[in-house]
Structures are given as structure tokens and as C-alpha cells.
Amino acid sequence: MISFRTFKNGDPPCLAKLWQAEAALQPWMRPVPTPVLEDLVISKPYFDKLGLLVAVAGGQVVGFAHAGFGPDAARSKLDTSIGVICMVLVDAAHRQQGVGRELVARCEQYLAAKGAREIYLGGVSPYAPFYFGMYGGSDAPGVLASNVAMQALGKKCGYQVVRQVCLLTCGPESFKSVVDRKLLAMRRTAEVRVTEDPAAADWWEACLLSDFHRLRYDLVAKDAGQAVATALFWTMDPLSWRAGKRAVGLFQFSVTGERRRQGAATLLLTEAVKRWHAEGCDLVETQVPEENAPTLKLLSRMGFVEDERGLVYWKKASS
Ligand SMILES: CC(C)(COP(=O)(O)OP(=O)(O)OC[C@H]1O[C@@H](n2cnc3c(N)ncnc32)[C@H](O)[C@@H]1OP(=O)(O)O)[C@@H](O)C(=O)NCCC(=O)NCCS
């Protein structure tokens, strides 16, 4: 007989045990111990125990699902009109008995009661308040294409795929140092500066990334002293999920409007990736929406290759 309840303070070791059992099977899940789970999930300032639903059988925790919200447009507080079910996990012995579906239904009720009008299944940036860095690589990619059971659950619960995310990596063997006239011209007028653990750009970035070591690479115009391009990396040690590999996540990058199409992004990323590899980092990882063709082209030119796909599952919340 399976019963359902909300989170209790004694649950983290049981959740970590469930997590670790699954992480041993899934390459994109990092096998985190209880203290890391507490840091990256339970200690978030917006953690709400009512949003973490737990399935219990014979006094043991056999599954959980976790619902929450992403940031508002100013990234200064939660926006409760869009909900997300960040995680659903059922232990192997209790699968295909309706537990996952019941957990999802209870998460949906929680989200709707808080005002959600639409819901994502699987954390997808920026709707990924929990498990960032624990599942899915350098950002939150939705449900991974290789995760057949989770996709089947999504479809059964009425979700549809609304977009896709490419998970890209670049190791020293695939990296290509791009050199062309535009880059040479840009190199004469700008230089790369690195800032360790820069102040977070906003409240949401602080919530997501403050547990990680971050480096911001800026391409700064020598004459004006202003950044024309910026790239933010976070070191995924000790959260790199590939055994024996050191990985760094490229979390976001941008070029100021008037300096686009002049080679600024290619120059900055080429320098940054070269430095990461020189420092012994095995993989630089990033995630790009499938429809962002210019960025995919730029990264492919530098030797980034697609390793996985994320599928973004979405539905309207029932009122
Ligand atoms: C996905 C998962 C949560 C499903 O849990 P579950 O308790 O087995 O799911 P349910 O029994 O409620 O299944 C509901 C429906 O989902 C579909 N489904 C679930 N698992 C399936 C599988 N292995 N193959 C095919 N369909 C499946 C079916 O349509 C099922 O309905 P049906 O039994 O009437 O056909 C479970 O397999 C799991 O924990 N996987 C790992 C989770 C994970 O990777 N989480 C990280 C991303 S959020």
C-alpha cells in the first residue's frame, strides 16, 4: 500500500539514497551525497515543503516529485504563474504501478493552488529552481531524450514537447581554434579579462549559482574600457557527472548589440576554452535552444559537438 505526503525534515537521507541508486544508472545524474542535496535543494530560500511530495511504502520512501517556480521577468522574485515539476523519481521496485503519475498529479495540484496557469515537466532554464548542477549537465535541459520512461510519463500526463535544447560539449580533441581576419582585427582592439566569483547579476543568478565557483570572462575594448562580450562559466567539480572528467559549464554569454558580427563572441570563447583546456579541464559544456541557429553555428565552428537533446514538456494547468 503506497501513501503520499509532503516533505518532512528527516527525509533528505532517504531522498539522497533514492537519488544515488538512479544516478548509478543515468550518466547525466550526479551521485550527490545528502549534504549536497541539502545545499542545492532544501536550503534554497524559496524551498517550500508543500511542493516536495513523497511516496511511502512499508515505512520507506519509495519516490518523490518536486514542484516549484522560476523567476519573474526582473529575476528578483518567483513568478507563480508558471510552475515546474523539476524532478520525479520512483525507486525501481515500485515503478509502473502509478506512483509517478500520482506524484505528478499532486505536484500539479500544488502548483495550481499557488496560481500556476501553465506547467513544465522537467526543469528547463530559467524554470529550474532546484537540482541545477545535479541533473542534466551545465544547465536545465527539460527531459533528456534518452530518458524514455520520463518521456512516456510526460505524454501520459498530458504534456507536449514545445521545444528542444541541444547539450553540447567541447574537449581538447575536438576544439578548433578559429582564426580569421575579423578575429585578428578584434584582437588588436580588445583584451580578455577574467573575474573570479563575480557578484551575481540578479537575485535568481545568486540563488542558482552561489554554491559554485564561477568565472566571468569579459572581452574589453582597450580604448573605452568597456566589456563588448561576456561569458559566465561555473566549474562543475565536484559535480561533474562523468567519472574521471573535469568539466566546466558555460552558463551564458552575450555580445553588446553594436558589436555583433565582428567576431567578439568567437574571440572571447576561443580564448576561454583554450585556457580551460590548458588548465586540465576535460570538457567545456553548454546548452543552446535548438532554434538558436547563430549560436549553434558559432559553437560548432569551434568544435562543440552535440551529446544529448533536452525535450521541453509543457501543458496548461487545469483550473
Ligand atoms: C519516470 C518515472 C518517474 C515513472 O515512474 P512510475 O511510477 O513508474 O510511473 P507510473 O507507473 O505512474 O506510469 C505512468 C505512465 O507513464 C508511462 N511510463 C512510465 N514508465 C514507463 C516505462 N518504463 N516505459 C513506458 N512507459 C512508461 C506509462 O504510460 C504509464 O502509464 P500505464 O502504466 O498506464 O501505461 C520512473 O521511471 C523513474 O523514476 N525514472 C527515473 C526518473 C528520472 O530520470 N528523473 C529525472 C528527470 S525529472
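Each value, and the rule that gives it
Residues numbered from 1 in each chain as written. Predicted model: local features only at pLDDT ≥ 70, side-chain atom pairs only at ≥ 80, totals over all residues. Near = placed C-beta within 6 Å. Helix = DSSP H or I, 4+ residues; strand = E, 2+ residues; numbered from the N terminus. Nonpolar A, V, L, I, M, F, W, Y, C, P; charged D, E, K, R; others polar. Axes fitted to C-alpha atoms, helices over the stretch in contact; angles between N-to-C directions. Parallel < 35°, antiparallel > 145°, perpendicular 65-115°, else oblique. Contact = placed C-beta atoms within 7 Å. Domains from an automatic or database assignment.

**Looking at the site of the ligand**
The ligand sits among 21 residues. The nearest are Arg95, Gly100, Arg101, Ala149 and Ala152. The set of elements that each furnish at least two residues to the shell around the ligand consists of strand E4 (78-90), helix H3 (99-113) and helix H4 (148-156). If you tally residues by element for the shell around the ligand, the top one is H4, at 5 residues. When grouped by side-chain class, the residues that make up the shell around the ligand number 10 nonpolar, 7 polar and 4 charged.

**Notes on the packing of helix H5 (residues 181-189) against helix H7 (residues 264-278)**
Direction vectors running N to C along H5 and H7 enclose 75 degrees, while the axes themselves pass 9 Å from each other. If you check the angle between H5 and H7, you find them roughly perpendicular. Contacts between H5 and H7 pair Leu183, Met186 and Arg187 from the former with Ala264, Thr266 and Leu267 from the latter. Across the contact of H5 with H7, the residue classes tally to 4 nonpolar, 1 polar and 1 charged.

**A word on the domain arrangement of the chain**
Looking at the chain, the domain boundaries give domain 1 (2-164 + 311-316) and domain 2 (170-309). In this complex, domain 1 contributes 25 residues to the contact, which on the side of domain 2 involves 21 residues. Counting residues per element, the ones that place at least two in the side of domain 1 that touches domain 2 are helix H2 (34-42) and strand E7 (160-170). Of the residues in the side of domain 1 that touches domain 2, the class split is 13 nonpolar, 6 polar and 6 charged.

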